[in-house]
Amino acid sequence: MQSNLIIGTMGHIDHGKTSLIAALNGFWGDSTESEKERGITLDLSFSNLQNGDKNIAFIDVPGHEKLVKNMIAGAFGIDCALLIVAANEGIMPQTLEHLRIAYLLGISNFVVALSKCDLVDSDRIMQRKSEVTALFAQFAGLNFKILPVSIYDKQSIATLKNVLFELPKKQRVDLGFFRYYIDRAFSIKGSGCVVSGTLMDGDLEISNKVWCAQLDKMLNIKNLQSHGENTECARNGSRVAINLSGISHNDLKRGDLLTKKGFLRGFDKVEVAMTHFGEIAHNSQLQLYIGALRCTCRVLFLDAHKRYATLKTKIPLFSIFDEKFILRDDNQTLGGGSVLSPIADPMKKSQKLEFLKLLDHNDLQGAFEILLKAHKKGFGLISAMQRFRIPQSRALEIASKIPQCFVCERELVAYPKATREIVKGIITDILAKNKNALLSPALLAQKQNFIAESFAKDVLEEMLRDKVLKKVDSFYVAPQNNAKLDSRENIENFLYNAVYNTLHEQGYEPIAPYNLYDTLDIDRKSGDAIFKRLTGEKKILRLSHKLFICADVLAELLALMRGIIKEEGYLDLNNFKKHLNLSRKYLITYLDYLDNFTDICNENGKRTFK
């Protein structure tokens, strides 16, 4: 399998980035007329360099200070950085700016190419090496190697190539779904809409459907191209061009996120851990860069040291735990950091701060415990991939270690002890209103959507052990009830009579089955079985999807309808309503049913005898 490495080329304007890439692989990134005329890279340029089964994809980002937004869009998905510093000029403002951005984005491996070494002597080269070493000393944890190069010295270019091919691939977690920020959207004649970007957190197959988060729209893939080659499957961490169908390139923009539907939710605020390079005031408005997206945000600090903050935006962010971001004003990079909480949770400020500190120190179990306290009705572990950048299996493992936490593996929900008391209260309320309620896990899940059936069963079993309930067959009932619910046969007879008698009492206005089940406190499966039995016995008839009526009531109704025709000469919606003040849904259904009889004629809504 081919090994792909993405390297971002960075540096100050006119320090020779594009020329150096051309010396490495023959590609001149300045493809537009304006770039060629001005001699600078205005937007992102992409090219490749291969050596056997190793492939390097270069993202040549612009060095001009006014184009930093383009630089960040390209730097987001790279594995390593090639920082170009002209030996005749040394470290310049954009050198520092690009290094800061790379550092904030979590890029730790650098090759520093001292370009234009043919223009200086050996003493100046040594001086530049010392300056670069001092610069990198300001940033903890960075690995770098300095190489003097000249595009006119083939040996120095060959040495640079060898060093680049030895750089390590950045480790990425495969969460089972992909994320892909669009950094360019354009149209190709004969193909249509094409987007480019770096594939994050998963693989992408040509058969997959992709979901554009910002547009909330599903899209199909016509073709995939990774590192210049057509492919059926693009791998995690690769540069990928996607030919999309069903959309125009004008509808998509830089920063739009393509992903698998159902895994990410958007929020207009995220909590973050900050690193500062400049003074940032509380409630200041800055430019937020996350992935290839740029938007305005307000910075609200949560602690005196300004380590933790809430970033509020006017558009939803579909971010993920530990995703890197940059904050800038109109002139410079002021800071950045990592997203700690991409999902808005109902927490007090003190609780939120404790939660963020635990996440900052990667104490996921402690963070889970805070979430359990905040979510009185449990929280879904399906969101663990967005919350913590971990697979669901790992989330289940962490939750299972927390004392008094009930974990539903099938439904992927974790419940604190407090939820157990809430469910007990719901059960007590049901029995207070209806001593004959037939409790079951399915019924509780049906009544309250936050209750998973496995959790409901556990609570019911606890109340059984405490002798608050007794169990008959698969049902849990009050020890004292009025219906002799002490055997399966008695329960079935009770259900049969309760459903039929209730429908009969409702006469011409029978409520829908699911509403009836809720009124009688029976689960849908048991209720459906009774309805099936009653219809099989022809004691009730189904007139529409949700309308069942007792046979004798229907016979009485038909006699009434025929009597109206006989007395008034016709039956339509208006005169029918004068006789029966029912809602339209009932009247129309009954009129439609009348049309089934061969002696009835329907002309423009008026029923008469033939």
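Residues numbered from 1 in each chain as written. Predicted model: local features only at pLDDT ≥ 70, side-chain atom pairs only at ≥ 80, totals over all residues. Heavy atoms only, no water.

1. Re the sheet that holds strand E18 (residues 293–301)
Next up, step 1: Here 6 strands make up a closed barrel; going around it, the order is E16-E19-E18-E17-E20-E21 and the pairing antiparallel. Within this sheet the neighbouring strands show an average axis-to-axis angle of 40 degrees, counted without direction.
Next up, step 2: In this sheet, strand E19 (residues 308–317) lies alongside E18 in antiparallel orientation, the contact comprising 5 bridges. Looking at the pairing, Leu-300 lines up with Thr-310 of E19.
Next up, step 3: Of the strands in this sheet, strand E16 (267–276), strand E20 (324–328) and strand E21 (333–341) touch helix H4 (residues 93–104), which is tilted by about 5 degrees from E21.
Next up, step 4: Where helix H7 (residues 349–360) meets the sheet, its contacts fall on E16, E19 and E21, and the angle it forms with E21 comes to roughly 95 degrees. (Pairing = 2+ DSSP bridges. Helix = DSSP H or I, 4+ residues; strand = E, 2+ residues; numbered from the N terminus. Axes fitted to C-alpha atoms, helices over the stretch in contact; angles between N-to-C directions. Contact = heavy atoms within 4.5 Å.)

2. Some remarks on the pattern of salt bridges
Next up, step 1: Scanning all chains against the criterion turns up 28 salt bridges.
Next up, step 2: One salt bridge connects Arg-488 with Asp-473, and the closest N-O pair in it is separated by 2.7 Å. Placement of Arg-488 in helix H14 (residues 488–506) and of Asp-473 in the loop between strand E25 (470–472) and strand E26 (475–477) is noted, with a sequence separation of 15 residues between them.
Next up, step 3: The class for Asp-473 is partly exposed, based on a relative accessible area of 47%. (Salt bridge = Lys/Arg side-chain N within 4 Å of Asp/Glu carboxyl O. Buried < 20%, exposed > 50% of the residue type's maximum accessible area, 1.4 Å probe, protein only.)

3. Focus: the nonpolar core
Next up, step 1: Judged by nonpolar contacts, the single largest core of 62 residues is most densely connected at Met-274, Val-299, Leu-311, Phe-325 and Leu-327.
Next up, step 2: Here this core gets 5 residues from one element, more than from any other, and that element is E18.
Next up, step 3: Residues in contact with Met-274, not counting those within four places in the same chain, are Ile-280, Val-299, Phe-301, Lys-306, Arg-307, Ala-309, Phe-325, Leu-327 and Gly-336.
Next up, step 4: Grouped together as the second largest cluster of nonpolar side chains are 43 residues, Leu-534, Leu-543, Leu-547 and Ile-600 included. (Core = buried A, V, L, I, M, F, W, Y, C linked by side-chain atoms within 4.5 Å.)

4. Looking at the pairing of strand E6 (residues 143–148)
Next up, step 1: Judged from the 6 bridges that link them, strand E5 (residues 109–115) and E6 form a sheet pairing that is parallel. Looking across to E6, one finds that Ala-113 is bridged to Leu-147.
Next up, step 2: Where the polypeptide runs from E5 across helix H5 (residues 122–136) and back to E6, its parallel neighbour, the crossover connection is right-handed. (Right-handed = clockwise from strand over helix to strand, strands pointing away.)

5. Some remarks on the environment of Ile-157
Next up, step 1: With respect to the helices, strands and loops of the structure, Ile-157 is situated in helix H6 (residues 154–165).
Next up, step 2: When its relative accessible area of 6% is taken as the criterion, Ile-157 is described as buried.
Next up, step 3: The spacing of Ile-157 and Leu-20 is 137 residues in sequence and 8.4 Å in space, taken between C-alpha atoms.
Next up, step 4: Leaving out residues up to four positions away in the same chain, Ile-157 has contacts with Leu-20, Ala-23, Leu-24, Ser-150 and Ile-151.

6. Considerations on empty space enclosed by the protein
A water-sized probe, rolled over the atoms, reveals where empty space remains.
Next up, step 1: For the structure shown, the criterion picks out 3 cavities of 30 Å³ or more.
Next up, step 2: The space that makes up the second largest cavity amounts to roughly 40 Å³.
Next up, step 3: Looking at the second largest cavity, the residues that line it are Tyr-181, Gln-214, Ile-290, Leu-293, Leu-317, Phe-318 and Ser-319.
Next up, step 4: When grouped by side-chain class, the residues that make up the lining of the second largest cavity number 5 nonpolar, 2 polar and no charged. (1 Å grid on protein atoms, 1.4 Å probe; cavity = no way out; pocket = protein on both sides within 12 Å on 5 of 7 lines; lining within 4 Å. Points joined across faces, edges and corners; volume = space filled by probe spheres on them. Nonpolar A, V, L, I, M, F, W, Y, C, P; charged D, E, K, R; others polar.)

7. Considerations on the side chain of Arg-387
Next up, step 1: Mapped onto the elements, Arg-387 comes out in helix H9 (residues 384–388).
Next up, step 2: Side chain to side chain, Arg-387 and Asp-345 meet in a polar contact 2.8 Å long.
Next up, step 3: Discounting chain neighbours no more than four positions away, the residues touching Arg-387 are Phe-321, Leu-340, Pro-342, Ile-343, Asp-345, Leu-371, His-375 and Phe-379. (Polar contact = N/O pair within 3.5 Å; in protein donor to acceptor, adjacent residues only side chain to side chain.)

8. A few points about the packing of aromatic side chains
Next up, step 1: Summed over the entire model, instances satisfying the criterion amount to 15 aromatic pairs.
Next up, step 2: Arranged with centres 5.3 Å apart and planes meeting at 80 degrees, the rings of Phe-110 and Phe-136 form a pair that is edge-to-face. On the criterion of sequence distance, the pair formed by Phe-110 in strand E5 and Phe-136 in helix H5 is long-range, its members being 26 residues apart. Comparing Phe-110 with Phe-136, the two get one shared label, buried.
Next up, step 3: Following the ring pairs from residue to residue traces out a cluster consisting of Tyr-514, Tyr-517, Phe-531 and Phe-548.
Next up, step 4: Its guanidinium or amino end placed over the ring of Tyr-500, Lys-539 lies 4.4 Å from that ring's centre, counting from NZ or CZ. (Phe/Tyr/Trp six-rings, centres within 6.5 Å; stacked < 30°, edge-to-face > 60°. Lys NZ or Arg CZ within 6 Å of the ring centre and 35° of its normal.)

9. Looking at the environment of Gly-291
Next up, step 1: With respect to the secondary-structure elements, Gly-291 resides in the loop between strand E17 (284–290) and E18.
Next up, step 2: Taking the C-alpha atoms as reference, Gly-291 lies 19 Å from His-276; in sequence the two are 15 residues apart.

10. Some words on the confidence of the model for the protein chain
Next up, step 1: For the protein chain, per-residue confidence averages 88 on the pLDDT scale, and residues scoring 70 or more make up 92% of the total.
Next up, step 2: The least confident element of the protein chain, judged by mean pLDDT, is helix H2 (residues 33–38) at 34; the most confident is strand E28 (residues 548–550) at 97.
Next up, step 3: The low-confidence segment residues 30–45, where pLDDT is below 50, has 42 contacts with residues more than four positions distant or belonging to other chains. (pLDDT = per-residue confidence, 0-100.)

11. A closer look at the sheet that holds strand E23 (residues 406–408)
Next up, step 1: Taken in spatial order, the 3 strands line up as E22-E24-E23 in an open sheet, and their pairing is antiparallel. Edge strands, defined here as strands with exactly one partner in the open sheet, are strand E22 (379–380) and E23.
Next up, step 2: Pairing geometry for E22 and strand E24 (residues 413–415), over 2 bridges, is antiparallel. Pairing of Phe-379 across the sheet is with Ala-414, part of E24.
Next up, step 3: In the packing of helix H13 (residues 453–465) onto the sheet, the strands contacted are E23 and E24, and the crossing angle to E23 comes to about 140 degrees.

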